[in-house]
Amino acid sequence: MLGLTYFLVTISLVYGQIRHFNWAEPDGATYDVVDTTRNTIGNSLERLTSMRQVLADYKVDAYIVPTSDAHDSQYLSPADARREWLSGLSGSSGTLVVTANEALLWTDARYFTQFEMQVDTSLWTLMRQGTDPSIQNWLTSNMALDSVVAVDPTTYTRNAWIPLETALKASNVTLEAISENLVDIARTNIGDPPPPRPNNDLIALTVDFTGRRSSDKIAELLSQIRSAGASALVLTALDDIAYTLNLRGSDIPYNPVFFSYLIIKDNVSSPENVILFWGNGVLHSNISDHLQSEGLQIQTRDYSDIFNYLSQYSNSLPIDSTIWLTNDASHAIFLAAESGNVNIRSTLSPVALIKCVKNDVELQGFRNAHIKDGVALVRGLRWVEEQVAAGANITEIDVSDKLEEFRRMEVDSHGPSFATIAGAGKNGAVIHYKPPLEGSRVIGRNDMLLVDSGGQYKDGTTDITRTRHMSASPTDAQRMTFTRVMKGQISLATVVFPRGTVGHTLESFARRSLWEVGLNYGHGTGHGLGHFLNVHEGPSWILSGPSSTDPGIVEKMIFSNEPGYYEVEEYGIRHEDVVEVIAVTKDADHIHAESIVGDFGGAGALGFHTISLVPHQTACLDVKLLDDLEIKYLNDYHARVLATIGPILKERNLTEDFEWLERECAPISRDAAILVKTSPLLMVVSVATLWLRT
């Protein structure tokens, strides 16, 4: 116990030396921004020259181009991919600063090599985050007195705007909000305008999937608005709006959301106190009928009317009224709300706090979605292994396509939840790797293959990673790291903790086995998942550092559990499952249930229950490194996977898939220190024997 205490109290010191990213999946959409020849290195000068001409026309000395949209979305529509168009750098992270003489691109270590490949280095300078001066420091040091730095205020949150404005003001530099996006103007001036903003049809999500009517959600928010003494709540995050209205869309790749704003007013004299800004403001009859069936009446307006409407509404309110804005709202939204003589309340979105705790229908939906996803993954993993073993030229992109094909065969599938990471050999060590459409690596018999993928179903959103060696004969180093990552995942999966614990205090459990031998990984260990919404959902996370908005973990939250290890230029390993937060009592479905003697002084004991249902490749484990609890956990888990997925495969006459699953779920034994490979009958006996021992 003393050793563990020392280990925990030194976490903050160690984490200060760790370079990490928030999560292992890409945190931005990956796509081809344009299909013209203008977005190439050879045409970079044309794009940059056009941008500088626009700066001169607007009398701007420096222009900031973040990777962002008007809703602070993690994933972007091609209409908002301005940083990528101007610089040529794809990927999920980066901010540009353009002046008359400088073109600078700030990004993190994931994209240093990619910068050299995609960007004209004779025109652009790479600014390495964490090494080179920050954007704020560079601007304050290099901009002349009385110069003007400009930003599109819809692409900057108020939280980001204020510290930059304050720092520049101290250096006699003005930060100016220009409502027209200057990159869009530069694009149009050279005949390459941005693509139109998507406005796809909406999807009605019935109470059978949501577990709660939209009118009930609005009523809860109205109660909070009144308690806060506010006149209105303005929602700008797209997933908040989709969740509140029980609607989904397809305007952003992988994210079932739609471009919109939502204002909820405390106006008891009118039933239509909910105003949706979407498209041209006209809803299709099926969506209107859906909302009416849920007891909700709303007004609809054109998406672009939000700023004028909010400004006029602010001016119409009595003095000292309050408008409630969320802290992820853009600077432009704040400016509009501040038009009148009103007070602004800025907090974490109340919807974010509601939707991160799932109701019983949503939880059952998640479980159902992971059963369907398990079927698709079992079929996909069996397919790639047998194809590679037969000598077929299977590429990484083939794996991605095959998984999408199998997922789309399942009921209520709506495609992937993010771009599949299928990294073979050294590509598996690239944390945010996405196989290219052309020139994707052929998977070899000696490759370790890391597959991180997810699906969108009306029931819920999935995210799972399995790492498998194509011949089940890894090197000693691969076997050791594979096992230690597995020990870390089991450690987090089986932990018991007090209700209200914040996520970052748990993360070290997943790292401890790697840390014992001086190894680590460069991403966070867990994120929340939306219910048929964004695959990354806050405000709760299991990250290396604290989050100021983390409300603490409670029952019915959903997280990923995904430690990893990456040997650069050689291989990558990640084991990821999705887990449900449960109360741990003596009756709970938890490995420590029988040992529970307290509830942390009344706080309540919580733990995780794994709902992903895909076997791990136990043939790659060094069983000698596993303790008895870890072996029991794996054997219990695989017995559950086989009992759940097996009958579905048999019912569909997927005999080869069932036989593969049966072999992969065979229990492991410390006595033999190898897999127990048995006939189907003997395997059932083995599983039964293990259950009787527990």
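Cut-off values and rules
Residues numbered from 1 in each chain as written. Predicted model: local features only at pLDDT ≥ 70, side-chain atom pairs only at ≥ 80, totals over all residues. Heavy atoms only, no water. Core = buried A, V, L, I, M, F, W, Y, C linked by side-chain atoms within 4.5 Å. Buried < 20%, exposed > 50% of the residue type's maximum accessible area, 1.4 Å probe, protein only. Contact = heavy atoms within 4.5 Å. Axes fitted to C-alpha atoms, helices over the stretch in contact; angles between N-to-C directions. Helix = DSSP H or I, 4+ residues; strand = E, 2+ residues; numbered from the N terminus. Parallel < 35°, antiparallel > 145°, perpendicular 65-115°, else oblique. Left-handed = near helix turned anticlockwise from the far one by under 90°. Pairing = 2+ DSSP bridges. Salt bridge = Lys/Arg side-chain N within 4 Å of Asp/Glu carboxyl O.

### A look at the nonpolar core
Grouped burial of nonpolar side chains is what soluble globular proteins tend to show. Among the nonpolar cores identified, the biggest contains 62 residues, and Ile-263, Ile-264 and Leu-276 are the most heavily contacted of them. Leaving out residues up to four positions away in the same chain, Ile-263 has contacts with Ala-232, Leu-233, Val-234, Asn-273, Val-274, Ile-275, Phe-277, Ile-306, Tyr-309 and Leu-310. Listed in part, the 41 residues of the second largest apolar core include Leu-450, Tyr-521, Leu-606 and Val-623.

### What about the packing of helix 6 (residues 135–142) against helix 7 (residues 158–170)?
Two numbers describe how helix 6 lies on helix 7: the axes approach to 9 Å, and their chain directions differ by 20°. With respect to helix 7, the axis of helix 6 lies roughly parallel. The two elements helix 6 and helix 7 cross, and the hand of that crossing is right-handed. From helix 6, Gln-136, Leu-139 and Thr-140 reach across to helix 7, where they touch Pro-163, Leu-164, Ala-167 and Leu-168.

### Looking at the pairing of strand 19 (residues 464–469)
A large share of strand 19 lies buried, amounting to six of its six residues. Where strand 17 (residues 448–453) lies against strand 19, six bridges are found, and the strand directions are antiparallel. When the bridges of strand 19 are listed, Met-448 appears paired with His-469.

### Remarks on the pattern of salt bridges
Taken as a whole and judged by the stated rule, the model has 36 salt bridges. One salt bridge in this structure joins Arg-652 and Glu-410, with 2.8 Å as the shortest N-O distance. Within this pair, whereas Arg-652 is found in the loop between helix 20 (628–651) and helix 21 (655–664), its partner Glu-410 is found in the loop between helix 17 (396–408) and strand 15 (413–416), the two being separated by 242 residues in sequence. Between Asp-628 and Arg-670 there is a salt bridge whose closest N-O contact spans 3.2 Å.

### Things to note about unusual backbone geometry
Each neighbour pair has its own omega, and for Gly-538 with Pro-539 the value is 5°, a cis peptide bond. Within the fold, Pro-539 resides in strand 22 (residues 537–542). In this structure, Asp-320 takes a positive phi of about 70° despite not being glycine. Among the structural elements, Asp-320 can be located in the loop between helix 13 (306–316) and strand 13 (322–326). Its identity as a non-glycine residue notwithstanding, Lys-556 has a phi of 75°, on the positive side. Take Lys-556: it is sitting in the loop between strand 22 and strand 23 (558–561).

### Structural notes on the sheet that holds strand 6 (residues 174–177)
An order of 4-3-2-1-5-6 is seen for the six strands of this open sheet, with the pairing classed as mixed. What marks the edges here is a single partner per strand, and that holds for strand 4 (125–128) and strand 6. Strand-to-strand twist across the sheet, computed as the mean angle between neighbouring axes with direction ignored, equals 25°. Judged from the four bridges that link them, strand 3 (residues 103–107) and strand 4 form a sheet pairing that is parallel. Counterpart to Leu-105 in the pairing with strand 4 is Leu-126. Across the sheet, helix 3 (residues 44–57) is in contact with strand 1 (62–65), strand 2 (95–99) and strand 3; its angle to strand 2 comes to roughly 65°. Packed onto the sheet, helix 6 meets strand 1, strand 2, strand 3, strand 4 and strand 5 (148–151) and runs at close to 10° relative to strand 2.

### Details of the pairing of strand 17
Burial analysis of strand 17 places six of its six residues in the buried class, which makes it a mostly covered element. Side-chain alternation along strand 17 places Met-448, Leu-450 and Asp-452 on one buried face and Leu-449, Val-451 and Ser-453 on a second face that is also buried.

### Re the environment of Asp-589
Structurally, Asp-589 can be placed in the loop between strand 26 (577–583) and strand 27 (605–610). You can call Asp-589 exposed: its relative accessible area is 55%. Sequence separation of Asp-589 and Met-51 is 538 residues, and the distance between their C-alpha atoms is 59 Å. What Asp-589 contacts, discounting residues up to four positions off in sequence, is Ile-582 and His-609.

In short, shape yes, function no, at least from these values alone.
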